[in-house]
Amino acid sequence: MKRPVTNIADLRDLARRRVPRAFFEYADRGAYDESTLRENRSAFERLRFRQRVMRDVDNRSLATTVMGQALSMPLAIAPTGLTGLQHGSGEIHGARAAAKAGIPFCLSTMSICSIEQVRAATDAPFWFQVYVMRDRGFTRELIQRARAAECSALMLTVDLTVQGQRHREIKNGLSVPPKITLRNLFDIASKPRWAWNVLRAPSRSFGNLDGHIQGADSLTTLAQWIASQFDPTLNWNDLGWIRELWPGKLILKGILDAEDARQAVAHGVDAIVVSNHGGRQLDGAPASIDVLPSIVDAVAGGTEVLLDSGITSGQDLLKALALGARAGLIGKAFLYGLGAGGEAGVTQAIELIRRELSVTMALTGTLDAAKVSPDILWRG
């Protein structure tokens, strides 16, 4: 008898069985000792709701806006690398599911399907995430391609100027595209549906980089180029030339400190994402939800605040809203849905979170997701 899927943990279990180990653990695990990865979950679990009763909560609204864009619920899909190796054409499936759900999808620079491939396969505008690389000319080209694709926002990730070590990726011999070795032969052979979907996809390499990097005539040299290109010289002055290239909505992702949040406001960004990169960069950093209130206080309404890292349920999302986030982003939860069932799995992940959010709003006496009060949290 087929087990019903009732939460994101069920989708994770399905993805773990359906996706080769190297790619599942790329999505699932964190940096170094993974203390921040674990803290992202435990911090949400420490927060408790106030149960309220005898209130009319029949007509609840989950709708909100982010940077003027109307959303059906306060949720977006975060940019994730190698998405198309969780499931073939994964970025396209994610973008389509998000559009149908009425929420934003953000495409990563390190995606498997390119900006142009996702644009050709979708009708709704999507966000694009960019890294500033040592080759500033290539970064400029990426931003120009995002403009040509009519992306509705640019998300600059600022917490990956050097890469945190992820032990599992090294131990698993992660490569793009996957190499067939004696070690992983049985794993890949035991997942024919995954292999078939990946083989049918329009790209199995880094789609945004393939063919655009001079001298990178093989996947090996392409991966080496990427590893050498994250730019540790990135600083606040760089926002000037990015603004010249990008006149639209600009989001900074990776803010984890109140002073950095104030700097972002001073530089006029449209939104910030409070994020520790899902526990995949600075291990030993606090959980994103723990620093959220201090950052909301620091920006004082000067920019919209979104939260990333650790959201795996509608209850998590409501806790983030109660502490001042305008909306939340899902990365791992999205990838679990994708690995479990492609576009249908992503839709299932979104709808699980939507239903959990709606039910928990009712049980805390909350009517409007755009006006969640911190009073719904228990402070005993």
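This text follows the structure it describes.
What counts, and where the lines are drawn
Residues numbered from 1 in each chain as written. Predicted model: local features only at pLDDT ≥ 70, side-chain atom pairs only at ≥ 80, totals over all residues. Heavy atoms only, no water. Buried < 20%, exposed > 50% of the residue type's maximum accessible area, 1.4 Å probe, protein only. Helix = DSSP H or I, 4+ residues; strand = E, 2+ residues; numbered from the N terminus. Pairing = 2+ DSSP bridges. Right-handed = clockwise from strand over helix to strand, strands pointing away. Contact = heavy atoms within 4.5 Å. Core = buried A, V, L, I, M, F, W, Y, C linked by side-chain atoms within 4.5 Å. Axes fitted to C-alpha atoms, helices over the stretch in contact; angles between N-to-C directions. Parallel < 35°, antiparallel > 145°, perpendicular 65-115°, else oblique. Nonpolar A, V, L, I, M, F, W, Y, C, P; charged D, E, K, R; others polar. Phe/Tyr/Trp six-rings, centres within 6.5 Å; stacked < 30°, edge-to-face > 60°. Lys NZ or Arg CZ within 6 Å of the ring centre and 35° of its normal. 1 Å grid on protein atoms, 1.4 Å probe; cavity = no way out; pocket = protein on both sides within 12 Å on 5 of 7 lines; lining within 4 Å. Points joined across faces, edges and corners; volume = space filled by probe spheres on them.

## Observations regarding the pairing of strand E8 (residues 271-274)
Burial of E8 is two-sided: the residues Ala-271 and Val-273 facing one way and the residues Ile-272 and Val-274 facing the other way are all buried. Here 4 bridges tie strand E7 (residues 249-255) to E8, and the two strands are oriented parallel to one another. Its bridge partner lying in E8, Lys-253 is registered against Val-273. Each parallel crossover has a hand, and the one from E7 via helix H12 (residues 258-266) to E8 is right-handed. Looking at chain direction, E8 and strand E9 (residues 304-307) are connected through 4 bridges and run parallel. Within E9, the position partnered with Val-274 by the bridge is Leu-307. Traced from E8 through helix H13 (residues 288-299) to E9, the parallel crossover comes out right-handed.

## A word on the side chain of Lys-253
Tracing the backbone through its elements, the reader meets Lys-253 in strand E7. Setting aside residues no more than four positions away along its own chain, Lys-253 makes contact with Pro-79, Met-155, Leu-156, Thr-157, Val-158, Asp-159, Val-273, Ser-275, His-277 and Asp-308.

## Here's the deal with the nonpolar core
Met-73, Ile-77, Phe-128, Ile-272, Ile-289 and Leu-307 are the most contacted members of the largest nonpolar core, which has 101 residues in total. Among the elements that line this core, the one with the most residues is helix H15 (residues 332-363), at 13 residues. Aside from chain neighbours lying at most four places away, what touches Ile-272 is Ile-251, Leu-252, Ile-255, Ala-261, Ala-264, Ile-295, Val-299, Thr-303, Glu-304, Val-305 and Leu-306. Judged by nonpolar contacts, the second largest core, of 15 residues, contains Leu-71, Ala-76, Cys-106 and Ala-271.

## Quick word on the packing of helix H1 (residues 8-18) against H15
Remark: H1 packs on H15, axes separated minimally by 10 Å, with the N-to-C direction vectors making an angle of 170°. Put simply, H1 runs roughly antiparallel to H15. Only Ala-333, Tyr-336, Gly-337, Gly-339, Ala-340, Gly-341, Gly-345, Gln-348, Ala-349, Leu-352 and Ile-353 of H15 make contact with H1, whose side of the interface consists of Ile-8, Leu-11, Arg-12, Leu-14, Ala-15 and Arg-18. Partitioned by chemical class, the residues of the contact of H1 with H15 number 10 nonpolar, 5 polar and 2 charged.

## Overview of the packing of aromatic side chains
Inspection of every chain in the model, using the stated rule, returns 4 aromatic pairs. Consider the rings of Phe-23 and Trp-194, whose centres lie 5.9 Å apart with planes at 25°: the pair is stacked. Taken as a pair, Phe-23 in helix H2 (residues 21-28) and Trp-194 in helix H9 (residues 192-200) lie far apart in primary sequence, 171 residues in all. The pair Phe-23 / Trp-194 is uniform in exposure class, with both members buried. On the numbers, 5.3 Å between centres and 80° between planes, the contact of Tyr-131 with Phe-230 is edge-to-face. Of this pair, Tyr-131 sits in the loop between strand E5 (127-130) and helix H6 (136-148) while Phe-230 is found in the loop between helix H10 (219-229) and helix H11 (239-245), placing the two residues 99 residues apart along the sequence. Residue Tyr-131 is classed as buried on the basis of its relative accessible area of 8%. The residue whose ring lies beneath Arg-280 is Tyr-26, and the NZ or CZ to ring-centre distance is 4.5 Å.

## What about empty space enclosed by the protein?
One pass over the structure, following the stated rule, counts 1 cavity of 30 Å³ or more. Reported here for the largest cavity is a volume of approximately 30 Å³. Taken together, Ala-78, Pro-79, Thr-80, Thr-83, Glu-91, Phe-105, Cys-106, Leu-107, Ser-108, Ser-111 and Phe-334 make up the lining of the largest cavity. Class assignment of the residues belonging to the lining of the largest cavity gives a composition of 6 nonpolar, 4 polar and 1 charged.

## What about H2?
Judged by how many residues are buried, H2 sits mostly within the fold: 7 of 8 residues are covered. Considered for burial, the residues of H2 that qualify are Ala-22, Phe-23, Phe-24, Glu-25, Tyr-26, Ala-27 and Asp-28. Those residues of H2 that are buried lie in contact with H1, helix H3 (35-46), helix H7 (167-171), H9 and H15.

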